[in-house]
Amino acid sequence: MAKKSKGLKVVSNDGAQFLDSIVPRTTTADGWSNPVTGMGYGGRDKGESTGWRPSLPLDFQALDSMGRGEGFARIIIDTVVDDAMRAGWVVNFKGDEDDEVSPEQAQEFNERLQRWYKDTKLKSRVSQHLKQARQYGGALLVLGVRDGHDPSLELDLERVTGFDWLRTHDSPQVTQSSEVNEDPKSVGFGFAEAYTLHATRAQAGDRRETLIDTWVHNSRVWRTDGMVLTERVRQQNDGWGDSVLEVCKDQLSNRSSVMKSARTVIQEWVLGVYKLKNLTGIIQANSEDKVRGRFSVIDRFKSMWQSIAVDADNESFERIATTAAGMPELLDRFGIDLAAVARMPMTKLFGLSPGGFGTGEAEGDNWDDVVQSYQTDDVEPLLEYLHRILLATPEFADLPKNWSIKFNSLQLTSPVEDADVRLKTSQADALDISSGVLGADEVAVSRYGGAEYSTETVLDEEAREMDSALEGGDVEASQSGIGVVGEHLSDVLDVLSRVTSGAMTEKAAELVLALAYPTVQASEFRRL
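What counts as what
- Residues numbered from 1 in each chain as written.
- Predicted model: local features only at pLDDT ≥ 70, side-chain atom pairs only at ≥ 80, totals over all residues.
- Heavy atoms only, no water.
- Salt bridge = Lys/Arg side-chain N within 4 Å of Asp/Glu carboxyl O.
- Helix = DSSP H or I, 4+ residues; strand = E, 2+ residues; numbered from the N terminus.
- Buried < 20%, exposed > 50% of the residue type's maximum accessible area, 1.4 Å probe, protein only.
- 1 Å grid on protein atoms, 1.4 Å probe; cavity = no way out; pocket = protein on both sides within 12 Å on 5 of 7 lines; lining within 4 Å.
- Points joined across faces, edges and corners; volume = space filled by probe spheres on them.
- Phe/Tyr/Trp six-rings, centres within 6.5 Å; stacked < 30°, edge-to-face > 60°.
- Core = buried A, V, L, I, M, F, W, Y, C linked by side-chain atoms within 4.5 Å.
- Axes fitted to C-alpha atoms, helices over the stretch in contact; angles between N-to-C directions.
- Left-handed = near helix turned anticlockwise from the far one by under 90°.
- Contact = heavy atoms within 4.5 Å.
- Nonpolar A, V, L, I, M, F, W, Y, C, P; charged D, E, K, R; others polar.
- Pairing = 2+ DSSP bridges.
- Patch = residues over 30% accessible without salt bridge, like charges linked within 9 Å, V, L, I, M, F, W, Y side chains within 5 Å.
- Areas by Shrake-Rupley, 256 points an atom, 1.4 Å probe, with all protein chains shown as cover.
- Parallel < 35°, antiparallel > 145°, perpendicular 65-115°, else oblique.

**Observations concerning the pattern of salt bridges**
Across all of its chains, the model carries 13 salt bridges by this definition. Taking the shortest distance from any N to any O, the salt bridge between Arg74 and Asp78 comes out at 2.9 Å. Of the two residues, Arg74 and Asp78 both sit in helix α3 (residues 71-86), four residues apart, roughly one turn of that helix. The salt bridge involving Asp289 is made with Arg292; its shortest N-O contact spans 3.2 Å. Of the two residues, Asp289 and Arg292 are both situated in helix α9 (residues 288-305); the distance of three residues between them amounts to about one turn of the helix. The exposure class of Asp289 is exposed, given its relative accessible area of 61%. For Arg292, a relative accessible area of 47% puts it in the partly exposed group. When salt bridges with common partners are traced through the structure, they connect Asp83, Arg86 and Lys348 into a single cluster.

Structure below.
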């Protein structure tokens, strides 16, 4: 606990004794101090007067203006959202054990979803919602779902008949109810039970006219907060998070001020100095207008003739250039400060090329990690909730219920890089096939069985189990198995014809042939 004191008496230093006797100061129970320099002495050490001064958070009018007029604020708000949404996503349908989803079916399902995305402008609506949440500290994405109930009532997924539109409301357009959702299984657990949406339009001056207030249940909206706050601070902030601009507002202000000061320096980069003999006496003699007129004549000469005429005996003119030594480095330091607080690489925030001997790959990889984290924490849960509702509608009720969201790669590769990847993958596949780790059929289906080439390998578990079951026979019998099939070729052809006509499934045919010819490997039947 600090207390007031007249200072410690230091016998070994007369100057320190004198200062201590006349300058009251604050002493503390610990910490370094020096009575000669004043370090640690309140009133003498400038650093001892430094403290944290709480500032008011940015109001929505300031956030409106910064989002529209401060370019770097707009970049900080938008970039991570744009990068997270740029490559898009696909829905992976896994099907059931008895009804697997083929690559062709998965592609068809995604094409149907893509048409709905286009009709509802899903990608742009979600992007707008996420950006407004970052700008204003929170936003609601209102879902236009038809279930026959009033919007103030909880959404009934079993009665959903359509999903038609999405609309974003930023936090200043929303009032939260005092009732809190206490259902831990609900997506809105811990937040308001319902929200009032305000639609307004501008009037004269700062007035706004309320057009309509709509009461909406929290199951019919998706809430995204900006920067996460503690529960206590969030309640003080009208129940919302903070704008992402809140933590970097000082850095934005500092850099803007410095750049404007630099602009002034550039405008006055070279100053013209006009010397007039007895200038002070002329002004005192009330001839100021004559002096101003003389200066005006000189300026006109400079403008029209790129030269000036002066009295050789009484006048002179010269230019003095301002030095800019160290200014670029100083300006860069303010940019680095802003990038650090905004948690963005300089290459993204300022569009700079990588400096030094680096190629920028490290910065790019670090930023990709930030974007992927944002996708996982903020974008993926939102998309999953929207798809859960969408797949409950009659239009998409036939789609498999076992699915997941997968974001496309953030890395854009060139054709040369794609070819290099395929070459290396093929080399690895050849080693796996020759060593018996993978089957040729597994590799073929994994690489080329989908709509696009894939480096992901999918194992054929059923074929592997069948091969294991058939491995009970001796090797020689297995190797001569094809000859056994040749002796009963008509029976085999009969089974194949049943598969072709649709009277028997491929799996059933494999099982029948495996039972009939136990010495033949399952891979041979699949080749047939």
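Back to the text.
**A look at the layout of surface pockets**
If you add up the space inside the second largest pocket, you get close to 1,000 Å³. Every residue lining the second largest pocket is counted, 36 residues in all, and those nearest its centre are Asp225, Gly226, Met227, Val228 and Asp378. Of all the secondary structure elements, the ones that give two or more residues to the lining of the second largest pocket are α3, α5 (122-136), β9 (221-225), α10 (327-342) and α12 (361-390). With seven residues, α12 is the largest single contributor of residues to the lining of the second largest pocket.

**Section: the packing of aromatic side chains**
Overall, the coordinates contain eight aromatic pairs when judged by the stated rule. An angle of 40° between the planes, with centres 5.4 Å apart, marks the rings of Trp222 and Tyr385 as tilted. On the criterion of sequence distance, the pair formed by Trp222 in strand β9 and Tyr385 in helix α12 is long-range, its members being 163 residues apart. Using a relative accessible area of 8% as the deciding quantity, one classes Tyr385 as buried. Within the aromatic cluster, the residues linked to one another by ring pairs are Trp89, Trp116, Tyr117 and Phe163.

**Side note on the nonpolar core**
Within the largest apolar cluster, 57 residues are counted, with the highest numbers of intra-cluster contacts made by Ile76, Phe93, Leu113, Leu143, Phe163, Leu245 and Leu386. Per-element tally for this core: the top contributor is α12, with ten residues. The next biggest cluster of nonpolar side chains, apart from the first, holds nine residues, and it includes Val174, Ala192, Tyr195 and Val221.

**Quick look at the packing of α3 against α5**
Between α3 and α5, whose axes approach to 9 Å, the crossing angle comes to 145°. Considering only the axes of α3 and α5, their crossing is right-handed. Listed contacts from α5 to Arg74, Ile76, Ile77, Asp78, Val80, Val81, Asp82, Met85 and Arg86 of α3 are Lys123, Val126, Ser127, Leu130, Lys131, Arg134 and Gln135. Looking at the contact of α3 with α5 residue by residue, the class counts come to seven nonpolar, two polar and seven charged.

**Points about the sheet that holds β9**
Pairing is antiparallel in the open sheet, where three strands are placed in the order β5-β4-β9. Only two strands of the sheet have a single partner each, and these edge strands are β5 (162-170) and β9. Along the sheet, successive strands turn relative to each other by an average axial angle of 15°, direction set aside. In terms of strand pairing, strand β4 (residues 138-146) meets β5 through eight bridges, oriented antiparallel. Considered in β5, the bridge of Val145 is made with Phe163. Contacting β4, β5 and β9, α5 crosses the sheet at an angle of about 150° to β4.

**Let's talk about the side chain of Gln132**
Within the secondary structure, Gln132 sits in helix α5. In contact with Gln132, other than residues within four places in its own chain, are Gly137, Gly138, Ala139, Thr168, His169 and Asp170.

**Considering a nonpolar patch on the surface**
A contiguous nonpolar surface patch, about 270 Å² in accessible area, is contributed by Ile266, Trp269 and Val270. The residue Trp269 is located in the loop between α7 (249-267) and β10 (270-276) in this model.

**Observations regarding the environment of Gln128**
If you trace the backbone, Gln128 turns up in helix α5. Sequence separation between Gln128 and Asp82 is 46 residues, and the spatial gap between their C-alpha atoms is 9.8 Å.

**Some points on the packing of α7 against α10**
With their axes 9 Å apart at the nearest point, α7 and α10 run at an angle of 160° to one another. The orientation of α7 relative to α10 falls into the category roughly antiparallel. Taken as a pair, α7 and α10 cross one another with a handedness that is left-handed. Residues Gln251, Leu252, Asn254, Arg255, Val258, Met259, Ala262 and Val265 of α7 pack against Met327, Leu331, Phe334, Gly335, Asp337, Leu338 and Val341 of α10. Considered class by class, the residues forming the contact of α7 with α10 number ten nonpolar, three polar and two charged.

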